[in-house]
Amino acid sequence: MNINRLNIAAGVLLAAMCCAVTCTTTGCKQANATSSEVTTHVASNDTSATTSQPLPPLAGDESMPTGARILLTVYPDYVKDYKDGKLMMSDGTSLTYDDGKKKSFVELLDDADPEDMFAFTYDLNSWTPGKMQDAGRSRCEALFKKMYGESASQVSRKLVAVRWPFGQATNSGGVNKNIKTVKFTSVNGANKQLEKVVAELEKHPELHKYLAQSGAFYWRPVRGAKRLSAHSYGMTIDIGVKFSDYWRTQSTNENANIAYRNKYPHAIVEIFEKYGFIWGGRWYHYDTMHFEYRPEILMNAKRVTSSEL
Ligand SMILES: [Zn+2]
């Protein structure tokens with residue numbers, strides 16, 4: 001894993017700092033932070049409106065892999081410690097952080113350990129994903145099941161209604177404005193982060209036509225694969241389906257050359273990212289209606305800092 005720069009969006013930072021174990025200044029430097037400040041996006045169009053926030057302390061200490069420290073920082077209710085190559089979980093179990101296997105691209109998706117989730121770096125500097133760069137598509141199923149639930153019924157029990165005033169997409173391409181909530185997980189405070197996204201989106205009427213939701217929780221495998229979709233965990237929402245683009249309309253082969261397409265305004269993406277959600281439109285294998293609560297991916301993102309602009 002190679003983390004050149006540690007950055008974090010403001011909302012993620014606030015969520016993570018509530019419970020984060022503090023580390024020494026030396027420890028934070030060890031995580032390759034290059035600046036005492038980090039630049040965070042604010043809702044904007046494609047301009048680089050930014051605001052600086054102090055760098056959050058990383059949990060753990062410098063003897064631990066940076067990815068493990070990030071997981072300790074952003075998922076403090078579940079990931080309690082890192083010892084002898086393992087993540088120590090709140091239920092008393094442990095998870096091997098790095099299985100040591102060399103993996104192909106597809107294996108990184110199908111058989112991800114926690115370390116593999118950082119195999120790609122989410123690049124906030126570019127709106128065009130790099131070839132085979134899919135930061136966030138690798139999910140360690142064992143870790144996510146421990147947090148969000150092991151089965152459809154376990155995940156369901158942790159879902160709560162979040163206000164979503166932009167309606168639900170109908171099968172005929174319209175919007176049902178009478179449906180004003182969406183079920184989302186309360187695990188890791190993901191519902192609270194989604195509420196903050198809604199509050200900001202409400203201030204932008206020009207974006208509302210893109211925001212009809214097509215649901216959040218579905219316990220199901222990824223199309224064309226055996227692994228579970230992020231929708232199985234209840235921390236992912238699809239919006240604006242009629243404007244969406246999906247890589248599989250070009251090829252079902254993960255190794256094929258895919259031409260990038262997107263019809264969503266970047267202003268929507270920036271609001272979601274501010275609160276810890278990654279966007280499927282930043283993947284080489286894009287899925288542009290897809291937003292997923294993954295604060296660890298944003299904490300590890302590549303971003304231009306204000307001093308470099
Ligand atoms: Zn989706």
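What comes next is a walk through the structure. (Residues numbered from 1 in each chain as written. Predicted model: local features only at pLDDT ≥ 70, side-chain atom pairs only at ≥ 80, totals over all residues.)

This part takes up the overall build of the protein. Looking only at helices and strands, the protein features 9 helices and 12 strands. Counting over 309 residues, the protein shows a buried share of 43%. Taking all contacts inside the protein whose residues are at least 6 apart in sequence as the whole, residues at least 24 apart take part in 66%. (Helix = DSSP H or I, 4+ residues; strand = E, 2+ residues; numbered from the N terminus. Buried ≥ 20, exposed ≤ 12 C-beta atoms within 10 Å, placed from the backbone. Contact = placed C-beta atoms within 7 Å.)

Reading across the sheet, the 3 strands line up as 10-12-11 and stay open at both edges, with antiparallel pairing between neighbours. A strand with exactly one partner marks an edge of an open sheet, and here the two such strands are strand 10 (236-238) and strand 11 (277-279). When the angles between neighbouring strand axes are averaged without regard to direction, this sheet yields 20°. As paired elements, strand 10 and strand 12 (residues 290-293) share 3 bridges and run antiparallel to each other. Following the sheet pairing, aspartate 238 is matched in strand 12 by histidine 290. Contacts from helix 8 (residues 266-274) reach strand 11 and strand 12 within the one sheet, and its direction differs from that of strand 11 by about 145°. (Pairing = 2+ DSSP bridges. Axes fitted to C-alpha atoms, helices over the stretch in contact; angles between N-to-C directions.)

This part takes up the nonpolar core. With 64 residues, the main nonpolar core has Leu71, Phe184 and Phe272 as its most contacted residues. Of all the elements, helix 3 (residues 66-74) adds the most residues to this core, at 5 residues. Setting aside its immediate chain neighbours within four residues, phenylalanine 272 contacts Val197, Phe277, Trp279 and Phe291. (Core = buried A, V, L, I, M, F, W, Y, C linked by C-beta atoms within 7 Å.)

A separate point is the sheet that holds strand 5 (residues 94-96). Taken in spatial order, the 3 strands make up an open sheet running 3-4-5, and their pairing is antiparallel. Looking at the sheet topology across the chains shown, the edges are occupied by strand 3 (79-83) and strand 5. Shown here is a sheet whose adjacent strand axes are inclined to one another by a mean of 25°, direction ignored. Pairing of strand 4 (residues 86-89) with strand 5 involves 3 bridges; the strand directions are antiparallel. The residue of strand 5 that forms the bridge with leucine 87 is leucine 95. Strands in contact with helix 3 are strand 3 and strand 4; relative to strand 3, the strand with the most contacts, it is inclined by about 160°.

We now examine helix 7 (residues 190-201). For helix 7, with 12 residues, the first-to-last C-alpha span of 17 Å sits near the 16 Å given by 1.5 Å per residue. Looking only at helix 7, the buried set comprises Ala190, Asn191, Gln193, Leu194, Val197 and Leu201. What you see down the axis of helix 7 is that its buried residues fit within an arc of 160°, all on one side. (Expected span 1.5 Å × (residues − 1). Arc of directions from axis to C-beta.)

Turning to unusual backbone geometry, a few remarks are in order. At aspartate 84, a position not held by glycine, the phi torsion is positive, near 50°. Locating aspartate 84 in the fold gives a position in the loop between strand 3 and strand 4. Although it is not a glycine, methionine 132 adopts a positive phi angle of roughly 60°.

Attention now moves to the pairing of strand 4. By the bridge criterion, 4 bridges tie strand 3 to strand 4 in an arrangement that is antiparallel. Bridging across to strand 4, lysine 83 finds its partner in lysine 86. The turn joining strand 4 and strand 5, which pair antiparallel and follow one another in sequence, is formed by 4 residues; a positive phi near 90° is taken by glycine 92.

Right, let's talk about the environment of tyrosine 264 for a bit. Inspection of the secondary structure assignment puts tyrosine 264 in the loop between strand 10 and helix 8. In sequence terms tyrosine 264 and threonine 288 are 24 residues apart; their C-alpha atoms lie 7.4 Å from each other. The residues contacting tyrosine 264, other than those within four sequence positions of it, are Tyr210, Gly240, Phe243, Val269, Gly281 and Thr288.

It is worth spelling out the environment of phenylalanine 277 at this point. Tracing the sequence through the fold places phenylalanine 277 in strand 11. Given 28 C-beta atoms within 10 Å, phenylalanine 277 falls into the buried group. Residues phenylalanine 277 and arginine 294, spaced 17 residues apart in sequence, show a C-alpha to C-alpha distance of 5.5 Å. Contact partners of phenylalanine 277, with chain neighbours within four places excluded, come to Val197, Phe272, Phe291, Glu292 and Tyr293.

This brings us to helix 8. In terms of burial, helix 8 is largely enclosed, as 7 of its 9 residues are buried. If you check which residues of helix 8 are buried, you get Ile268, Val269, Glu270, Ile271, Phe272, Glu273 and Lys274. Phi turns positive one or two residues past the end of helix 8, at glycine 276, with a value near 95°.

What follows concerns the environment of histidine 208. Position of histidine 208 relative to the elements: it lies in the loop between helix 7 and strand 10. C-alpha of histidine 208 to C-alpha of isoleucine 268: the two residues are 60 residues apart in sequence and 9.6 Å apart in space.

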